[in-house]
Amino acid sequence: MRIDGILRDGRIHLSCEVFPPKKFDGIAQASAVAQEIAGLSPAFMSVTYGAAGKTPGHTLAIARAVAEAGVTPLCHLTCVQSTKEHVRTVLSEMQRAGMENVLALRGDLPREGEPEHDFTYAAELIEFIHAQGNFCVGAACYPEGHPESGGKRQDMDYLKRKVDAGVDFLTTQMFFDNGILYNFLYRALRAGINVPVCAGIMPICDARQVDRVVKLSGSIMPPRFAAIADRFADDPEAMAQAGIAFATEQIIDLIANGVTNIHLYTMNKPSITRAIVGNLSGILGKPAV
């Protein structure tokens with residue numbers, strides 16, 4: 001099923017992200033985790049493109065496990081370290097496996113050496129994907145601005161280029177202050193961007209994650225959450241409970257304000273995902289789990 005069709009049906013959707021293992025011998029365990037999360041009936045599940053794009057088969061293997069569990073998979077695909085020939089091969093393998101949804105990403109620049117030069121921006125990858133077949137193509141967006149952009153205006157210009165290249169839906173980087181998302185959505189509409197947007201929520205259930213998340217994503221931690229992390233840093237059980245509660249409250253506020261597509265960064269943690277889905281059972285119209 002195409003994800004753009006799912007997101008436009010007028011209902012509330014909770015989707016999930018999982019990641020593949022770095023090594024082949026971890027595929028069975030990662031597949032089991034993905035299928036356990038799939039058992040919570042998310043609208044769809046995305047599978048990241050791990051190991052700098054060097055193990056696309058691992059992504060495809062987990063996506064197959066998701067599909068076998070009856071959930072629509074979304075395969076991530078990065079390009080900055082790939083040639084056109086490599087991307088063409090990966091897309092052909094996806095087609096043969098029955099995958100029709102792709103999240104097109106530039107990917108992180110290599111820490112050492114030079115990137116490949118076939119693709120510079122995600123917009124180029126989006127156009128290339130559409131030339132290879134009838135894929136539903138998603139892309140990333142950054143409510144707080146991409147860390148490498150020259151500012152919010154330039155970041156919105158780049159996002160418009162991706163949408164004009166044929167993006168069918170967007171998924172946001174994680175954020176922890178809903179006001180930032182509401183402002184971003186308003187600016188996107190003013191820029192003529194009207195594709196569905198999935199709001200990316202990451203439950204922070206370990207205080208050690210805070211500094212790492214801020215460093216990697218540039219996300220602003222609201223004082224209210226900083227106080228939670230400070231108060232419960234030395235009590236893992238309390239911190240996990242508080243992190244689940246904070247993420248649940250974020251999602252409830254989003255839905256109450258008309259944001260109906262939520263994407264949960266699960267970090268491959270079924271128990272945390274299950275707790276959040278259970279907290280939202282009445283809102284999502286699902287039985288408690």
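Residues numbered from 1 in each chain as written. Predicted model: local features only at pLDDT ≥ 70, side-chain atom pairs only at ≥ 80, totals over all residues. Heavy atoms only, no water.

1. A few points about the packing of helix 2 (residues 27-38) against helix 3 (residues 56-68)
Then comes step 1: For the pair helix 2 and helix 3, the least separation of the axes is 9 Å and the interaxial angle reads 40°. Helix-helix and strand crossings are classified by hand; for helix 2 and helix 3 the assignment is right-handed. Contact residues: Ile27, Ala30, Ser31, Ala34 and Gln35 in helix 2; His58, Ala61, Ile62, Ala65, Val66 and Glu68 in helix 3.
Then comes step 2: Each residue belonging to the contact of helix 2 with helix 3 can be placed in one class, and the counts come to 7 nonpolar, 3 polar and 1 charged. (Axes fitted to C-alpha atoms, helices over the stretch in contact; angles between N-to-C directions. Helix = DSSP H or I, 4+ residues; strand = E, 2+ residues; numbered from the N terminus. Left-handed = near helix turned anticlockwise from the far one by under 90°. Contact = heavy atoms within 4.5 Å. Nonpolar A, V, L, I, M, F, W, Y, C, P; charged D, E, K, R; others polar.)

2. Comments concerning the environment of glycine 70
Then comes step 1: Inspection of the secondary structure puts glycine 70 in the loop between helix 3 and strand 3 (73-78).
Then comes step 2: In this structure the C-alpha to C-alpha distance between glycine 70 and phenylalanine 44, which are 26 residues apart in sequence, comes to 9.5 Å.

3. What about unusual backbone geometry?
Then comes step 1: A positive phi angle, close to 55°, is found at methionine 267, a residue other than glycine.
Then comes step 2: Mapped onto the secondary structure, methionine 267 falls in the loop between strand 8 (261-265) and helix 11 (270-279).
Then comes step 3: A positive phi angle, near 60°, is found at asparagine 268, a position not held by glycine.
Then comes step 4: The class of asparagine 268 is buried, set by a relative accessible area of 15%. (Buried < 20%, exposed > 50% of the residue type's maximum accessible area, 1.4 Å probe, protein only.)

Structural measurements only, silent on function.
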